[in-house]
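# A look at the structure
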Amino acid sequence: MTRLACIIIAHERRRDLVHDFAEPSVYAQDFDEVVTVGDWVEAIPPKHRYLHVRALTSTTLDALVKRDVGTLATTADTLVYLNDDHTLDANFANGLRAALDEPWDVLVPNRYTVRNGKRIALNNGERDQYCGGHSGVFRRALIQQRPWSAQYHTPYWDLVSSRWQRGAGARFVWEPRAEIAVCDIEPGGVEPWK
């Protein structure tokens, strides 16, 4: 049976979002492994895996290092990376388990936000053929071919890494199943669709 890991990539300024929204959305589901990789020192609650990775550059490079740390700290065949200002839909893991035997190397979740009770679809990279850094599902074997930190360092790392992965033959699937979706919960009037 294929094992699933969820790796939450967390920054201290979003610590409350991580604890109040992102982590509960993951823990409520059937993942074999869950780890939060963050840049603040924290007392670890029971049954919680938190790895502290001090900020190195305070750029997007830190997110790549956190992805690699989370990858090394898990053993699952399928890796879900979740940014700290996103939550998983309630049936994400079930939808993912249903898709495990399908032909893909990267599943790009449906991405949306909710404003005034309305669901607003957000860019998930499909138009430009990449997997955005907000969230993604990857086969471990693909990441082992070229770990995140070994890729080109740019603010557009998600676009560049997706191009490399696709060039290496990786099969990307956008909008794989309705359940495989994430919600952008960025607070304070931010409009992620712009």
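Before reading on, note that the structure itself is shown above.
Read on for an overview of the structure. What you see as residue numbers is a count from 1 along each chain, following the sequence as written. Residue-level local features of this predicted model are given only where pLDDT is at least 70; pairs of side-chain atoms are given and counted only at 80 or more, and the full residue set underlies all totals for whole chains, interfaces and linings. To get the side-chain values, all heavy atoms of the structure are used, and hydrogens and water are removed first.

To continue, consider empty space enclosed by the protein. Using only the protein atoms, space was sampled on a 1 Å grid; points where a 1.4 Å probe fits but cannot get out form cavities, open sets with protein on both sides within 12 Å along at least five of seven lines form pockets, and lining residues are those with an atom within 4 Å of a point. Grid points are joined across faces, edges and corners, and a volume is the space filled by probe spheres set on the points. Going through the model one piece at a time under the given rule, you end up with two cavities of 30 Å³ or more. Computed from the structure, the largest cavity encloses a volume of approximately 40 Å³. Of the voids in this model, the second largest cavity is the one considered here, and its volume is about 30 Å³. Arg 67, Cys 131, Gly 132, Gly 133, Phe 138, Trp 148, Trp 157, Asp 158, Ser 161, Ser 162 and Gln 165 together form the lining of the second largest cavity. Only DSSP runs of H or I reaching four residues or more are called helices, and only runs of E reaching two or more are called strands; each is numbered from the N terminus. In terms of residue count, the dominant contributor to the lining of the second largest cavity is helix H5 (residues 157-167) (five residues). Classifying every residue of the lining of the second largest cavity gives four nonpolar, five polar and two charged. Only Asp, Glu, Lys and Arg are considered charged in this grouping, and only Ala, Val, Leu, Ile, Met, Phe, Trp, Tyr, Cys and Pro are considered nonpolar; every other residue, Gly among them, is considered polar.

Its location among the elements puts Val 41 in the loop between strand E2 (33-38) and strand E3 (50-52). Considering only alpha carbons, one finds Val 41 and Arg 54, 13 residues apart in sequence, at a separation of 8.6 Å. Those residues in contact with Val 41 that lie beyond four places of it in its chain are Arg 15 and His 52. We call two residues contacting when some pair of their heavy atoms lies within 4.5 Å.

What follows covers the sheet that holds E3. Two strands pair under a simple rule: DSSP has to find at least two bridges between them. The strand order E3-E2-E1-E4-E9-E6-E10 describes an open sheet built from seven strands, whose pairing is mixed. Here the strands that pair on one side only, and so sit at the sheet edges, are E3 and strand E10 (172-174). The mean angle between the axes of side-by-side strands here comes to 20°, regardless of whether they run parallel or antiparallel. Bridge count for strand E1 (residues 4-9) against E2 is five bridges, and the pairing is parallel. Its bridge partner being in E2, Ile 7 is matched across the sheet by Val 35. Axis definition: a line fitted to C-alpha atoms, limited for helices to the stretch in contact. Angles are taken between N-to-C directions and run from 0 to 180 degrees.

Keep in mind that these numbers describe shape and distance, not what the molecule does.
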